Amino acid sequence: MNVRTLLCAALLALSPAAQANAPQPITLKLLREGVLVSGTLKMARPDELLGVWSSSGRARLMRCEPRCKVVPSLAVPGLLTLGPDARARVVLGGTFKVGQRVGLVFRLKNSQILSVQAVVTR
């Protein structure tokens, strides 16, 4: 994904419709070689998460039932919980430090884009 696309996504995320559906505070749990996204996405209607991007690249979307496997998208039935104990997980590879702020861009099927800032925790 190029810089131009990320800039467009960030501008679209500033629209009132996108801000009304902004996710709850998102945190990033530090792993050995990346971070795990933790938090909740609230949507006004059911949708589908197609991808998550940051400055370090595209995240892996995973469905864990009971074993985790990488999937191309995740269903969002109105409320999607992400985290270490959730069935849906999003993992970013790369080198991160505790306290670092990371910008995340969530792309949904209905062409909506959500942009959030997350902090890396242990």
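These numbers come from a predicted model, not from an experiment. (Residues numbered from 1 in each chain as written. Predicted model: local features only at pLDDT ≥ 70, side-chain atom pairs only at ≥ 80, totals over all residues. Heavy atoms only, no water.)

> Looking at this structure, I do not really get the nonpolar core. What am I missing?
Ranked by internal contacts, the top residues of the largest apolar core, which has 27 residues, are Leu28, Val37, Leu49, Val52, Val90, Leu104 and Phe106. Where this core is concerned, the elements lending two or more residues are β2 (34-42), β3 (47-54), β7 (74-76), β8 (79-82), β9 (88-93), β10 (101-108) and β11 (113-121). With residues up to four places along the chain from it excluded, the contact list for Val52 reads Gly57, Arg58, Ala59, Leu61, Val90, Leu104, Val105 and Phe106. (Core = buried A, V, L, I, M, F, W, Y, C linked by side-chain atoms within 4.5 Å. Buried < 20%, exposed > 50% of the residue type's maximum accessible area, 1.4 Å probe, protein only. Helix = DSSP H or I, 4+ residues; strand = E, 2+ residues; numbered from the N terminus. Contact = heavy atoms within 4.5 Å.)

> Sorry, what's going on with the confidence of the model for the protein here?
The predicted coordinates should not be examined in detail at positions where pLDDT is low. Considering every residue of the protein, the mean pLDDT works out to 80; 80% of them sit at 70 or more. Note on residues 11-20: pLDDT is under 50 here. Beyond four places in sequence and across chains, it has 12 contacts. (pLDDT = per-residue confidence, 0-100.)

> Help me understand unusual backbone geometry in this model?
With an omega dihedral of -15 degrees, the bond running from Glu65 to Pro66 counts as a cis peptide bond. Turning to its location among the elements, Pro66 is positioned in the loop between β5 (60-64) and β6 (68-70).

> Would you take a moment to explain the environment of Val120 for this structure?
Note on placement: Val120 falls in strand β11. Between the C-alpha atom of Val120 and that of Ile26, which follows or precedes it by 94 residues, the distance is 9.5 Å. Excluding residues within four positions of it along the chain, Val120 makes contact with Leu28, Leu30, Val35, Phe96, Lys97, Val98, Gly99, Gln100 and Val102.

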